[in-house]
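Structure at a glance
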Amino acid sequence: MDFRSVGSRIKKAREKMNLTQEELAALLDLSTTHISVIERGVKPPKLETFIRIANALNVSADYLLIDVVNNSSEGVANELAKAIEALPTKEREKVFAVIRLMTEQ
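In this text, all values refer to a predicted model and were calculated from it rather than measured experimentally.

1. Observations regarding empty space enclosed by the protein
- A complete count under the given rule lists one cavity of 30 Å³ or more for this structure.
- Of the volumes computed, that of the largest cavity is approximately 40 Å³.
- What lines the largest cavity is Phe3, Val6, Gly7, Ile10, Ile38, Gly41, Lys43, Pro44 and Pro45.
- Here the lining of the largest cavity gets four residues from one element, more than from any other, and that element is helix H1 (residues 3-16).
- The residue inventory of the lining of the largest cavity, partitioned by class, reads six nonpolar, two polar and one charged.

See below:
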């Protein structure tokens, strides 16, 4: 398993919530060093810690594991939906048109 990839997603989710490592550590009753080690992929978190991190960052485990789980469709769908939602209306319409063309049978 690529722990660096998982750690990178944890870091990205933490930064998106405007939390420092210290603040996340305090929320989870962990040390800042422990959060740093997890984010750098040096050591994987225990399952219980992983779940607490996902809940604290308001993300799914699927999202955090998207790079390492073969069937992570929910995470991919959520990530695509967020990216499409952020587009200007005209660009969003173009994306939908392409998707419709690609999915016609």
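2. Details of the packing of aromatic side chains
- As enumerated under the stated definition, the model contains zero aromatic pairs in all.
- The lysine or arginine in question, Arg9, covers the ring of Tyr63, its NZ or CZ lying 4.9 Å from the ring centre.

3. Details of the packing of helix H2 (residues 21-28) against helix H3 (residues 32-39)
- Where H2 meets H3, the axes come as close as 8 Å, and the angle between the chain directions of the two elements is 110°. When the interaxial angle is binned, H2 and H3 end up roughly perpendicular. Between H2 and H3, the contacting residues are Gln21, Glu22, Leu24, Ala25 and Leu28 on the first element and Thr32, Ile35, Ser36 and Glu39 on the second.
- Grouping the amino acids of the contact of H2 with H3 by side-chain chemistry returns four nonpolar, three polar and two charged.

4. Looking at the side chain of Arg9
- Within the element layout of this structure, Arg9 appears in helix H1.
- If sequence neighbours within four positions are ignored, Arg9 has contacts with Tyr63, Leu64, Ile66, Asp67 and Glu79.

5. A word on unusual backbone geometry
- The residue Asp29 is not glycine, and still its phi comes out positive at about 60°.
- Checked against the element boundaries, Asp29 lands in the loop between H2 and H3.
- Residue class for Asp29 comes out exposed when judged on its relative accessible area of 71%.
- The residue Asn58 is not glycine, and still its phi comes out positive at about 60°.
- Mapped onto the elements, Asn58 comes out in the loop between helix H4 (47-56) and helix H5 (61-64).

6. Details of the nonpolar core
- Residues Ile10, Leu28, Ile35, Ile53, Leu57, Val59 and Leu64 are the most contacted members of the largest nonpolar core, which totals 18 residues.
- Every element with two or more residues in this core is listed here: H1, H2, H3, H4 and H5.
- Excluding its chain neighbours within four sequence positions, the residues that come into contact with Leu57 are Ile10, Ala13, Arg14, Met17, Leu19 and Leu24.

Calculation criteria
- Residues numbered from 1 in each chain as written.
- Predicted model: local features only at pLDDT ≥ 70, side-chain atom pairs only at ≥ 80, totals over all residues.
- Heavy atoms only, no water.
- 1 Å grid on protein atoms, 1.4 Å probe; cavity = no way out; pocket = protein on both sides within 12 Å on 5 of 7 lines; lining within 4 Å.
- Points joined across faces, edges and corners; volume = space filled by probe spheres on them.
- Helix = DSSP H or I, 4+ residues; strand = E, 2+ residues; numbered from the N terminus.
- Nonpolar A, V, L, I, M, F, W, Y, C, P; charged D, E, K, R; others polar.
- Phe/Tyr/Trp six-rings, centres within 6.5 Å; stacked < 30°, edge-to-face > 60°.
- Lys NZ or Arg CZ within 6 Å of the ring centre and 35° of its normal.
- Axes fitted to C-alpha atoms, helices over the stretch in contact; angles between N-to-C directions.
- Parallel < 35°, antiparallel > 145°, perpendicular 65-115°, else oblique.
- Contact = heavy atoms within 4.5 Å.
- Buried < 20%, exposed > 50% of the residue type's maximum accessible area, 1.4 Å probe, protein only.
- Core = buried A, V, L, I, M, F, W, Y, C linked by side-chain atoms within 4.5 Å.

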